[in-house]
Amino acid sequence: MRFRHPDGSTVHLAYCTNVHPAETLEGVLAQLREHCEPVRRRLGRDRLGIGLWLARDAAHALVTDPAALRALRGELERRGLEVVTLNGFPYEGFGAEEVKYRVYTPDWADPERLEHTTRLARVLAGLLPDDVTEGTISTLPLAWRTAYGQTRADQARAALLTLAERLDALEELTGRSVRIGLEPEPGCVVETTRDAIAPLTAVGHDRIGVCVDTCHLATSFEDPDTALDALTAARIPVVKSQLSAALHAEQPALPEVRRALAAFAEPRFLHQTRTTTPTGALHGTDDLDEALAGDALPNAGPWRAHFHVPLHAAPAPPLTSTMEVLKAALARLVGGPHPLTRHLEVETYTWQALPPELRPRARAQLTDGIAAELTLARDLLTDLGLKELP
């Protein structure tokens, strides 16, 4: 979906396909047929943006076989789909029964992360629509925080510098500019937007910036205005933004609230949980079940959990979502005289991790849910003065 910003530029809205498990190119092609095109038809649009997630095997197949890449591009066009952004954070196994900490490997100190991201950039350059010259990729925020010392930090910086050089060369070769955004996430070396400033300043290249995920922003209790002001002041580009909402519990000390939260503690994904003290200090656990176990986390103030809840359907009381953080961030990102980013991606990958009674029971229900999220995002954009394009 495309929108015209009041300044005349085009803002792209997509939804991320990491909600549909697929490790191979054949699986990606099945996604387009079984999920993405039905969402487009459900919305009644001639064109729909998707943020492709390409696992290691799929990316390797596309970059080593030009015919396969041409075939994928043709399939996108036939189904009324377009790609301007990729999700390069998960490497493989994102549809496994247990993902948890595995999603953070390989990290940016591992040469394979550089090679995988390079492959993704080459693929994206070949998938961009004819009238689009800029693509974006979101990626791991350097590494999970443990076992990350100065040596690995130096290796990660060197890898990002090498990537920037490769992206320069890619543009010279193809005429397509690809930028990469580190995606701050609780528990990682770069947990907050503030944490991103020092390492990205050290890299010092405008092809390497930040992907602002509004669920992660809210989980870490970051104020959108403060966060985006700091990035702007540091000249760190917001490469893309993922529109998502976290799980919010206003009174976690209450037994009924803890029971409601326990329904969201599940075995597949890590649901980092955070709270703040009256002095503003951030406290957290790596997972929601850890927070619920005894007194692992202070409960005098609200808790927020890294659980991407559907944008259009906040959890039932006594829980809610952080949609207000998303709205505030979106107003700053695209509501000003010029957009801070032109690539937006709805990223609710946790539909099948919701409590059983809230999960879609059929493919059509998932299609309807994704379409409802995109409709809400579209309405937020038009309320900010953007005009939807055909």
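Throughout what follows, the structure given in this document is the object of discussion. (Residues numbered from 1 in each chain as written. Predicted model: local features only at pLDDT ≥ 70, side-chain atom pairs only at ≥ 80, totals over all residues. Heavy atoms only, no water.)

## Digging into the sheet that holds strand β12 (residues 303–309)
Strand order in the open sheet formed by five strands is β11-β10-β12-β9-β13, and the pairing between neighbours is antiparallel. A strand with exactly one partner marks an edge of an open sheet, and here the two such strands are β11 (282–285) and β13 (319–321). Taken pair by pair, the neighbouring strands of this sheet meet at an average axis angle of 30°, ignoring direction. Pairing analysis gives four bridges linking strand β9 (residues 245–249) to β12, with the strands arranged antiparallel. Residue pairing in the sheet places H248 in a bridge with R304 of β12. (Pairing = 2+ DSSP bridges. Helix = DSSP H or I, 4+ residues; strand = E, 2+ residues; numbered from the N terminus. Axes fitted to C-alpha atoms, helices over the stretch in contact; angles between N-to-C directions.)

## Remarks on the packing of helix α1 (residues 25–43) against helix α12 (residues 363–383)
One can describe the packing of α1 onto α12 by two numbers: an axis separation of 9 Å at closest approach and a directional angle of 55°. The angle between α1 and α12 falls in the class oblique. Classified by chirality, the crossing of α12 by α1 is right-handed. From α1, E34, H35, P38, V39, R42 and L43 reach across to α12, where they touch R363, L366, T367, D368, I370, A371, L374 and T375. The residue makeup of the contact of α1 with α12, split by class, is seven nonpolar, three polar and four charged. (Parallel < 35°, antiparallel > 145°, perpendicular 65-115°, else oblique. Left-handed = near helix turned anticlockwise from the far one by under 90°. Contact = heavy atoms within 4.5 Å. Nonpolar A, V, L, I, M, F, W, Y, C, P; charged D, E, K, R; others polar.)

## Regarding empty space enclosed by the protein
Scanning all chains against the criterion turns up five cavities of 30 Å³ or more. What the largest cavity holds in volume is close to 160 Å³. As for the largest cavity, its lining consists of 17 residues, and the residues nearest its centre are F94, V103, E185, H306 and Y349. For the lining of the largest cavity, the per-class residue count stands at nine nonpolar, four polar and four charged. (1 Å grid on protein atoms, 1.4 Å probe; cavity = no way out; pocket = protein on both sides within 12 Å on 5 of 7 lines; lining within 4 Å. Points joined across faces, edges and corners; volume = space filled by probe spheres on them.)

## Details of the nonpolar core
Membership of the largest hydrophobic core comes to 119 residues, with the highest contact counts inside it found for L13, Y15, I50, L54, W108 and L374. In contact with L374, other than residues within four places in its own chain, are M1, L13, A14, Y15, V39, L43, L48 and V346. (Core = buried A, V, L, I, M, F, W, Y, C linked by side-chain atoms within 4.5 Å. Buried < 20%, exposed > 50% of the residue type's maximum accessible area, 1.4 Å probe, protein only.)

## With respect to the packing of α1 against helix α3 (residues 66–78)
Close contact between α1 and α3 brings their axes to 10 Å; oriented N to C, the two are set at 10°. When the axes of α1 and α3 are compared, the pair comes out roughly parallel. In contact with L25, V28, L29 and L32 of α1, α3 contributes A68, L72, E75 and L76. The residue inventory of the contact of α1 with α3, partitioned by class, reads seven nonpolar, no polar and one charged.

## Considerations on the pattern of salt bridges
Enumeration over the complete set of coordinates arrives at 31 salt bridges. A salt bridge links R2 to D131, with the shortest nitrogen-to-oxygen separation between them at 2.8 Å. Of this pair, R2 sits in strand β1 (residues 2–4) while D131 sits in the loop between α4 (111–127) and β5 (134–139), and the two are 129 residues apart along the sequence. The class for R2 is buried, based on a relative accessible area of 8%. Among the ionic pairs, K240 bridges to E345, the shortest N-O distance being 3.0 Å. Of this pair, K240 sits in strand β8 (residues 238–243) while E345 is found in strand β14 (residues 343–346), placing the two residues 105 residues apart along the sequence. Both residues of the pair, K240 and E345, belong to the buried class. Each of the salt bridges in this network shares a partner with another, and the network as a whole consists of E37, R40, R41, E75, R78 and R79. (Salt bridge = Lys/Arg side-chain N within 4 Å of Asp/Glu carboxyl O.)

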